[in-house]
Every structure is written in structure tokens, then in C-alpha cells.
Amino acid sequence: MTSVRDEEVGQGQGAVPVPVQGGQGQGSGNRRPGDEPGAGVVTAFGRQLKLLRIRAGLERPEFGKRMGYSPETVASIEQGRRIPQAGFIEKADEVLGAGGLLTALKEEVGRAQYPSFFRDMARLESEAVELCSYDTLVVKGLLQTEEYMRAVLSMRRPLLDQGTIEQRVAARLARQEIFNRWPAPLLSFVMEEAVLRKPLGGKTVLRGQLEHLLLIGDKRNVELQVMPLDREDSAGVDGPFTVITRKGGEQFVYTEVQGRSNLVIKRDETSLAAARYGIIRSQALTPTESLSFIAELLGEL
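Residues numbered from 1 in each chain as written. Predicted model: local features only at pLDDT ≥ 70, side-chain atom pairs only at ≥ 80, totals over all residues. Heavy atoms only, no water.

### Brief notes about helix H7 (residues 146–154)
In plain terms, the rule: Residue exposure (1.4 Å probe, protein chains only): buried if accessible area is under 20% of the type maximum, exposed if over 50%, otherwise partly exposed. Secondary structure elements are taken from DSSP: a helix is a run of H or I of four residues or more, a strand is a run of E of two residues or more, and numbering for both begins at the N terminus. Residue contacts follow a heavy-atom distance rule, with two residues in contact if any of their heavy atoms lie within 4.5 Å.
If you check which residues of H7 are buried, you get Tyr 148, Met 149, Ala 151, Val 152 and Leu 153. Residues of H7 that are buried sit in contact with helix H8 (162–175) and helix H10 (203–217).

This is the structure:
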């Protein structure tokens, strides 16, 4: 496992090293839950689930039938080879009469569904009162459709196994609950025009993604902007980054590139990043212009 060294992120003390196995927030290789930190809680959950199932006098086929899952899937979860989603945990607690023993682990198990390098960022997203993101390569995970997610994850090199892809998709969809939170966080996204023109997964996938962006961009707490290709000046030449603000004004800056990820907490650096993001926003199309631009791109497909 690698981590970002202090000298690689500028100011030394100003960055918190984050373990990484991949770039662009996707994870890397064909790792299973057991390969990641956090596997212990998944294994513990599986053992607890099996114990409660046996205590309830249910064989796997019968329990799976009540849960709506195959016996093979139940076995994978009990053996710690598959990370259960929140809905499974809640229903299992009810079916087995666990009295909250399983749901007590829901939050910890939920964190384990993310790649180890992204868990800190996932936690910060869930606590954000403001999130500002600049993206240059692909549509940000928070904005992706399920089809776009699968297309992007399938293109990773080294290849991800199907189980890992499904895990990543479920985790990314869970993160999108940020759009349904209340009080609603303030969300700002700026993306390069090239991102919106790249037909990853094919034109049908891109069409669905553009339609989704129009829906998201219409939310009152969301400002979505496009940086046109014809701009002769851009403050975003250093690449993509995300600025997260928590209640109380504490800010963090998250970046990823080529298998390395870091979370910056030093105030003077986070302030500079926030200021840089403000300049990027001023150089991009306005939210209204951007939605019109996306609609035009959609019409060209």
C-alpha cells in the first residue's frame, strides 16, 4: 500500500496522507473486501449474521428466500466476501429478530464499501455543507448515471472483476444521497466541455448522462457550470480537485492523480484552493448558459 509523502504535496505538514490503490476515485486492480482495511468489520458482520441465522433455525435457502437473495449471495456475505448494502442489513435485522445487533454495524459496514483511499473523502462528503468540484477527465461520481459508472469502471486498467464493479456502483449510488439531504448542502460543479463530449460507453450512455445532468442542474442547491474549450485563460490548468466545507467553516481539499490521493487540511492551502475554484467558476459559462449548452449537446446526439 502506498501513501502520499509530505514532500510530494507541497507544504509537508499541511497534507494528510491517504492510502491509495488507484486514481479518479475508482479503486484499482481486482481487490476483494478482504484486501482492504475495513475487511474486519465485514467479516465480523458475516459471522454475526450466520450466528443469528442458525439461532433462528433458518437454512440459507429459506433465509435467502425471505430476504429476496440467493443462497449463494447469503453465503458470500456470511463469509465476508461480499459487502452488504444498508437495505439488506436492515431487513436481515428484522427477519432474524436481531433487535438492532446487525443495524448497529450498518455505518461501519457502509464505510467498508469504499476503496480504502476514498473512505475519508466519502465521510467528508456526508458531512459537507458545501462542496465545490472541478473535473477535467470524466463526469464526477456524484453526477454519474449508473450506466456511465459501469462504463467507466469497466475501462479501468488493470481490469476490475465484476464483483468489484458492482460494489463500486452501489457505493457511488449511495453517495448520491447527498442530493436528498436536508438541510440541503450547497453543491457547485465545474467540468470541462471535453468531458461532456467524450462518449464513454457509447452515445446512448452519453445521452443518458447529459439528460441526468440537466435534471441535477435544475436543483435549487446545485450550480453546474461548463468550461468551454475556446477559453484562452483557465485557472484550472493544475487539474481537478474538490473543496469540501463542513459545519463551522472547516475546509478540506481532495485530489487524485495516477494512483495517488491526498487530503489537504492546512488552512492557507485550502483557502488558496477555494479562491482558485472561485476564479475557475468566473471563467466558465454561467449555470443558465451551461444548462443551455448541455441541452444543445444533447440535441446533437
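### Observations regarding the confidence of the model for the protein
Definition in use: A score between 0 and 100, pLDDT records how confident the predictor is in each residue.
When pLDDT is averaged along the protein, the result is 86, and 87% of the positions lie at 70 or above. This model gives residues 1–35 a pLDDT under 50, and the stretch forms 101 contacts once residues within four places in sequence are excluded.

### Some details on the side chain of Asn 262
In plain terms, the rule: Contacts described as polar in this section are N or O atom pairs within 3.5 Å, which, within protein, must combine one atom able to donate a hydrogen with one able to accept it, while residues neighboring in sequence count only if both atoms come from side chains.
Structurally, Asn 262 is set in strand S7 (residues 260–264). In this structure Asn 262 comes out as buried when scored by relative accessible area, which is 11%. Of the polar contacts made by the side chain of Asn 262, one reaches the side chain of Thr 255; its length is 2.7 Å.

### Description of unusual backbone geometry
The step from Arg 157 to Pro 158 runs through a cis peptide bond, and the omega angle for that step is 0 degrees. Its place among the elements puts Pro 158 in the loop between H7 and H8. Looking along the chain, the bond that leaves Trp 182 and enters Pro 183 is cis, with omega of 0 degrees. Note that Pro 183 resides in the loop between H8 and strand S3 (186–192).

### Some words on the pairing of strand S4 (residues 222–227)
Inclusion rule: DSSP-based pairing: two strands are paired if at least 2 bridges between them are found.
Counting buried residues along S4, 5 of its 6 residues qualify, which places the element largely inside the surrounding structure. In the sheet, S3 pairs with S4 via 6 bridges, with the strands oriented parallel. Bridge pairing in S4 links Glu 192 to Met 227.

### Quick look at the packing of helix H2 (residues 60–67) against helix H4 (residues 86–95)
Formally: Only the contacting stretch of a helix is used when fitting its axis, a line to C-alpha atoms as for every element, and angles between N-to-C directions run 0 to 180 degrees. The sense of a crossing depends on the near helix, which, turned anticlockwise from the far helix by less than a right angle, makes the crossing left-handed and, turned clockwise, makes it right-handed. Think of it as three bins: nonpolar holds Ala, Val, Leu, Ile, Met, Phe, Trp, Tyr, Cys and Pro, charged holds Asp, Glu, Lys and Arg, and polar takes everything else, Gly as well.
Axis separation between H2 and H4 bottoms out at 10 Å; the angle between their running directions is 120 degrees. The hand of the H2/H4 crossing is right-handed. Here H2 contributes Phe 63, Arg 66 and Met 67 to the contact with H4, which in turn contributes Phe 88, Lys 91, Ala 92 and Val 95. A per-class count over the contact of H2 with H4 returns 5 nonpolar, no polar and 2 charged.

### Structural notes on the environment of Leu 142
Along the chain, the position of Leu 142 falls in the loop between strand S2 (128–135) and H7. The sequence separation of Leu 142 and Arg 172 amounts to 30 residues, and the corresponding C-alpha distance is 7.0 Å.

### A short note on the pattern of salt bridges
Let me state the cut-off plainly: Each salt bridge in this description consists of a side-chain nitrogen of Lys or Arg and a carboxyl oxygen of Asp or Glu lying within 4 Å of one another.
Here the structure, examined in full by the defined rule, presents 14 salt bridges. The closest approach of N and O atoms between Arg 66 and Glu 62, which form a salt bridge, is 3.1 Å. Of the two residues, Arg 66 and Glu 62 are both situated in helix H2; the distance of 4 residues between them amounts to about one turn of the helix. With a relative accessible area of 45%, Arg 66 lands in the partly exposed category. The partner of Asp 230 in a salt bridge is Arg 231, with the nearest N and O atoms 3.5 Å apart. Linked through salt bridges whose partners overlap, the residues forming this network are Arg 123, Glu 127, Arg 246 and Glu 250.

### Examining the nonpolar core
The condition is simple: The set of buried Ala, Val, Leu, Ile, Met, Phe, Trp, Tyr and Cys residues whose side-chain atoms join them within 4.5 Å is what this entry labels a nonpolar core.
The biggest cluster of nonpolar side chains holds 40 residues, and the ones touching the most others in it are Leu 143, Phe 179, Phe 189, Leu 196, Leu 210, Leu 213 and Ile 244. Broken down by element, this core gets its largest block of residues, 5 residues, from H10. Residues in contact with Phe 189, not counting those within four places in the same chain, are Leu 131, Ser 133, Lys 140, Leu 142, Leu 143, Phe 179, Val 222, Glu 223, Leu 224, Gln 225 and Tyr 277. If you look at the next biggest cluster of nonpolar residues, it comprises 19 residues, including Val 41, Met 67, Leu 102 and Ala 112.

### Quick notes on the packing of aromatic side chains
Inclusion rule: Stacked, edge-to-face and tilted labels apply to pairs of Phe, Tyr and Trp rings (six-membered ring for Trp) whose centres lie within 6.5 Å, assigned for plane angles under 30 degrees, over 60, and everything in between, in that order.
Within this structure, the stated rule accounts for 6 aromatic pairs. Ring centres of Phe 241 and Tyr 277 lie 6.2 Å apart, and the angle between their planes is 90 degrees; on these two criteria the pair is classed as edge-to-face. In this pair, Phe 241 sits in strand S5 (residues 241–246) while Tyr 277 sits in helix H11 (residues 267–283), placing the two residues 36 residues apart along the sequence. Overall, Phe 241 belongs to the buried group, its relative accessible area being 6%. A residue is classified by how much of its surface remains accessible, and Tyr 277, at 2% relative accessible area, is buried. Here a set of aromatic residues connected by ring pairs shows up, and it is made of Tyr 114, Phe 118 and Tyr 254.

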